[in-house]
Amino acid sequence: MNKKNNQKRLLMQNLKKQLIPVLAVLLALLIGMIILLIAKRNPIEAYIALFKGSFGDLSRFGDTLQRSTPIIFTGLAVAFAFRCGLFNIGVEGQLLIGALVSAYVGYYVKGLPMIVHLPLTIISGMIAAGIWAAIPAILKAYRGVHEVITTIMLNYIAISLLAYSIETLRNSPIPKTPDILDSAKLAKLGEFLPFFKDSSVNIGFVLAIVTCFLVYFILWKTVLGYEVRAVGYSPLAAEDGGIKISKNIIYAMIISGMLAGLGGVEGVLGLKHSLVSGLYDGYGFEGIAVALLANNNPIGIIISGILLGSLSSGGLYMDMAANVPQDIIKIIQALIIFFVVANQIVRFIVYGKKKEVLL
Amino acid sequence: MTSETNEKELAKMMVGREVILYVEKQPPKLGKDVLLIKDLYCKSKTEHNILKLKKINLTVKKGEILGIAGVAGNGQNELLEVLTGLQKASSGNIFVNGKDITNISPKDIKFNKIAHIPEDRQKRGLVLNYSIAENLIMGYHFKKPFAKNGIIQEDIVNKHADDLIPKFDIRTPSKDTKARSLSGGNQQKIIIAREFFLDPELLIASQPTRGVDVGAIEFIHRRILELRDKGRGVLLISAELQEIMSLSDRIAVMYEGEIVAIVDVKDTTENQLGLMMAGIKNPKVKRGG
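These numbers come from a predicted model, not from an experiment.

## Points about the overall build of chain A
When helices and strands are counted, chain A shows 14 helices and zero strands. Reading the helices (α) and strands (β) of chain A from amino to carboxyl end gives α-α-α-α-α-α-α-α-α-α-α-α-α-α. Taken over C-alpha atoms, the radius of gyration comes to 21 Å for chain A, in line with the 21 Å a tight globule of 359 residues would show. Counting only C-alpha atoms and orienting by the principal axes, one finds that chain A spans roughly 70 × 60 × 35 Å. Split into buried and exposed, the 359 residues of chain A put 51% on the buried side. Within chain A, counting contacts between residues at least 6 apart in sequence, those at least 24 apart form 74% of the total. As presented, chain A carries roughly 16500 Å² of accessible surface, and 69% of it is formed by carbon and sulfur atoms.

The following block contains the structure:
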């Protein structure tokens, strides 16, 4: 009897915990409405336009999925590092390095069939991003340098490196690298699914979903995942259990960097077919929001990635149809993150004063 | 009302049955040395000119419990960490069953038949956010049969938990419960189950019963004694003089990183031990005095 009650209580606690992100989103939308009212805009109209813009028809929906693809990758990257107790702010830079190297390999490596060239381009982008992430990882593992500082600094270096590379590589007045060869392009989904033919969603999205499940498998079914999570939860207990902390920090950061790099690879091989200056600016930081909203769960990241992607992809339409500046989207995104991080506030507003320890 | 009761009766009322607070044990049947420490020195982790262990020489024989008594912070922790590979020795050697295991890695100690109950179960012993089943494989999680080709074998992990939970009397609603939500005694039993599973030749236990309930204390003491009676060696570090006195066969007293005395438990008293722990090497206190 008692045991049954206990289980029920645990289940309820769990449910409440799962609801936090949903409530955070609703609260953020609610406050967004208030802001819209203050700005003398019709909030209902704005939100309808936002929804239409992101899910209104299949091609818009496809664009939403495309917009979600890179932030699913960066969300995974942030989450993987988080699981090892690391705060990888450097996903932005790792994404850019991945994009740069894949743009380079996609254009300069010639004469290969697609079956070789495409994987080579993807993998080289991933590896480059992984190496970029290995720098702060090694500094953290062997010298104790805090990863937040080093990854932020490496972001600036990556941004400058990118600007410099585009300037030297470009062969047209537009600030972008030369177009990649056909053998390195990721096919549009519209080629297989006719209803997506007007949208930019590409195989990269499928790759992102598969990667989510792969990351889930790595974290919860493998020895590597067991060790990474143990180090993240309790480094001292992990050490006592024969798990090398430094080794796992390095592995987790490299994998995180490779996931971020994939986000950049998708942008080059699937969307623009070249590295355009300013492409994917801020997507690394959106990844932090995606990971937080999903509570660092790789499967949840599919949902939170599409949610945040839809806000951005619908923003432009909202601007045109309801005359609401897109910046409101940024405000809503920031509010979502605020409420997820400060989830005590959400609990207080929704569940009342009663203090409960949710773990 | 307090005058009408005593420790033993209170314990009985709390647990619901008779509790053996003062362990009854057979005289030891000693075998060969299982642990031999020779001239062991260890420097402080932070200040390299400070010696935390000074010329430690100790032996633990098969079938014996050697207690280490001492005021906390006199080198017991460093001794434990050097023995379990968490700190490097500056010089000296450690042998287990004749094999030199000086500066072994924490990964390898279990596979040299050494079990280890850390002092701080919540920081060192368990990953509190891991389930009981996950905690029960920590340390051999990467070995067959628990993992194959880098993949954790969930069936075997679950079966392992189903076997050990009743065997070690871990009171929990389920094997998937997080270690965090169990009581101190049950948390400690997870560690004991995990460490005893590999049938250790040597047990290094630090404060094994600190902060656990009376029932669990009795259980843990009985397990440690069973191990000794099976002819295994036990090194017991405890701040509880009573625990040291009741479990150990011999007692080594540590003071400022040195072993100041090794005495037979039959030839000493708490008073005498207390004085030695304060650094007085040959206290002239008569038994019972």
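Now that the structure has been shown, the text picks up again.
## Thoughts on a nonpolar patch on the surface
Residues and elements named next belong to chain A. A surface patch of nonpolar side chains, amounting to about 450 Å² of accessible area, comprises M12, L15, L19, V22 and L26. With respect to the helices, strands and loops of the structure, L19 is situated in helix α1 (residues 2-38). By relative accessible area, L19 is classed as partly exposed at 35%.

## Focus: the interface of chain A and chain B
Between chain A and chain B, the residue contacts involve 21 residues of the former and 25 residues of the latter. Of the roughly 2200 Å² buried at the junction of chain A and chain B (both faces included), carbon and sulfur atoms supply 58%. Per-residue buried area on chain A facing chain B is highest for A:V223, A:Y226 and A:D240; these three make up 31% of the total on that side. For the pair chain A and chain B, the number of links is four salt bridges.

## Side note on the pattern of salt bridges
Counted by the stated rule, this structure contains 28 salt bridges over all chains. For the salt bridge of A:D182 with A:K185, the shortest nitrogen-to-oxygen distance reads 2.8 Å. Of the charged contacts, one joins B:R228 and B:D229 as a salt bridge, the two residues approaching to 2.9 Å between their closest N and O atoms. Of the residues examined, B:R228 reaches a relative accessible area of 1% and is grouped as buried.

## Considerations on the pairing of strand β10 (residues 233-237) of chain B
All names here are of chain B. Burial of β10 is extensive: five of the five residues sit out of reach of the surface. Neither face of β10 is left uncovered, since the one carrying G233, L235 and I237 and the one carrying V234 and L236 both have all their residues buried. Across five bridges, strand β9 (residues 202-206) lies against β10 in parallel orientation. Opposite S206, over in β10, you have I237 as the bridge partner. The β-α-β motif built from β9, the intervening helix α8 (residues 214-229) and the parallel element β10 has right-handed crossover chirality.

## Here's the deal with the packing of helix α4 (residues 91-108) of chain A against helix α5 (residues 114-143) of chain A
All names here are of chain A. Two elements in contact, α4 and α5, have axes whose closest approach is 8 Å; the angle formed by their N-to-C orientations is 145 degrees. Seen from above, α4 lies across α5 with right-handed handedness. Here G93, Q94, I97, G98, V101, S102, V105 and G106 of α4 lie close against α5, whose contacting residues are H117, L120, T121, S124, G125, A128, A129, W132 and A133. Residues of the contact of α4 with α5, tallied by class, amount to eight nonpolar, nine polar and no charged.

## What to know about a positive patch on the surface
A cluster of basic residues, A:K244, B:K88, B:K107 and B:K143, forms a positive patch at the surface. In this fold, B:K107 is placed in helix α3 (residues 106-109). B:K107 sits in the partly exposed class, given a relative accessible area of 34%.

## Describing the sheet that holds strand β2 (residues 51-61) of chain B
All names here are of chain B. Pairing within the open sheet is antiparallel, and its four strands lie in the order β2-β1-β4-β5. At either end of the open sheet lies a strand with only one pairing partner, and these are β2 and β5 (99-100). Here strand β4 (residues 91-96) pairs with β5 via two bridges, running antiparallel. When the sheet's bridge partners are listed, F95 is paired in β5 with D100.

## Description of the sheet that holds strand β12 (residues 258-264) of chain B
Residue and element names in this part refer to chain B. Spatially, six strands are ordered β6-β9-β10-β3-β11-β12 in an open sheet, and the strand pairing comes out mixed. Strands with a single pairing partner mark the edges of an open sheet, and in this sheet they are β6 (114-117) and β12. Across the sheet, the axes of successive neighbouring strands diverge by a mean angle of 15 degrees, strand direction being ignored. Along the sheet face, α8 touches β3 (65-69), β9 and β10 and points at about 130 degrees away from the line of β3.

## A word on α8(B)
All names here are of chain B. Under the 1.5 Å per step criterion, the end-to-end length of α8 is 22 Å for 16 residues, consistent within 8% with the ideal 22 Å. Of the residues making up α8, those classed as buried are V214, G215, A216, E218, F219, I220, H221, R223, I224, L225, L227 and R228. Taken from the residues just after α8, G231 is the one with a positive phi, measuring 90 degrees.

## Looking at the packing of aromatic side chains
Evaluated as defined, the whole model comprises 16 aromatic pairs over all chains. Arranged with centres 4.6 Å apart and planes meeting at 85 degrees, the rings of A:Y107 and A:Y108 form a pair that is edge-to-face. Overall, the relative accessible area of 38% leaves A:Y108 in the partly exposed class. Both rings, one in A:Y226 and one in B:Y130, keep their centres 5.2 Å apart while their planes meet at 45 degrees; by these two values the pair is tilted. Of this pair, A:Y226 sits in helix α8 (residues 223-233) while B:Y130 sits in the loop between α4 (121-125) and α5 (132-135), which puts the two residues in different chains. Each member of the pair, A:Y226 together with B:Y130, is buried. Connected via pairs of aromatic rings, a cluster forms that spans A:F51, A:F55, A:F61, A:F195 and A:F196. For B:K107, the ring lying beneath its charged end belongs to B:F142, and the centroid distance is 4.7 Å. Between the NZ or CZ atom of B:K143 and the centre of the ring of B:F111, over which it lies, the distance is 4.2 Å.

## Some points on the environment of A:L207
All names here are of chain A. In this structure, L207 sits in helix α7 (residues 203-221). Residues L207 and E45, 162 residues apart in the sequence, show an inter-C-alpha distance of 35 Å. When neighbours within four sequence positions are excluded, L207 is seen to be in contact with F73 and L262.

## So, the confidence of the model for chain A
Per-residue confidence for chain A gives a mean pLDDT of 89; residues scoring 70 or more make up 96%. Under a pLDDT of 50 for its full length, residues 355-359 of chain A has, in the predicted model, eight contacts with residues more than four places off or in other chains.

## Here we look at the packing of α4(A) against helix α11 (residues 283-293) of chain A
All names here are of chain A. One can describe the packing of α4 onto α11 by two numbers: an axis separation of 7 Å at closest approach and a directional angle of 130 degrees. Put simply, α4 runs oblique to α11. Both α4 and α11 take part in a crossing whose hand is right-handed. Of the residues in α11, those in contact with V91, E92 and L95 of α4 are Y283, G284 and F285.

Analysis parameters
- Residues numbered from 1 in each chain as written.
- Chains lettered and ligands numbered in written order.
- Predicted model: local features only at pLDDT ≥ 70, side-chain atom pairs only at ≥ 80, totals over all residues.
- Heavy atoms only, no water.
- Helix = DSSP H or I, 4+ residues; strand = E, 2+ residues; numbered from the N terminus.
- Rg over C-alpha atoms; globule rule 2.2 N^0.38 Å.
- Buried < 20%, exposed > 50% of the residue type's maximum accessible area, 1.4 Å probe, protein only.
- Contact = heavy atoms within 4.5 Å.
- Areas by Shrake-Rupley, 256 points an atom, 1.4 Å probe, with all protein chains shown as cover.
- Patch = residues over 30% accessible without salt bridge, like charges linked within 9 Å, V, L, I, M, F, W, Y side chains within 5 Å.
- Salt bridge = Lys/Arg side-chain N within 4 Å of Asp/Glu carboxyl O.
- Buried area = accessible area lost by both parts, 1.4 Å probe.
- Pairing = 2+ DSSP bridges.
- Right-handed = clockwise from strand over helix to strand, strands pointing away.
- Axes fitted to C-alpha atoms, helices over the stretch in contact; angles between N-to-C directions.
- Left-handed = near helix turned anticlockwise from the far one by under 90°.
- Nonpolar A, V, L, I, M, F, W, Y, C, P; charged D, E, K, R; others polar.
- Lys, Arg positive; Asp, Glu negative; His and termini not counted.
- Charge placed at Lys NZ, Arg CZ, Asp CG, Glu CD.
- Expected span 1.5 Å × (residues − 1).
- Phe/Tyr/Trp six-rings, centres within 6.5 Å; stacked < 30°, edge-to-face > 60°.
- Lys NZ or Arg CZ within 6 Å of the ring centre and 35° of its normal.
- pLDDT = per-residue confidence, 0-100.
- Parallel < 35°, antiparallel > 145°, perpendicular 65-115°, else oblique.

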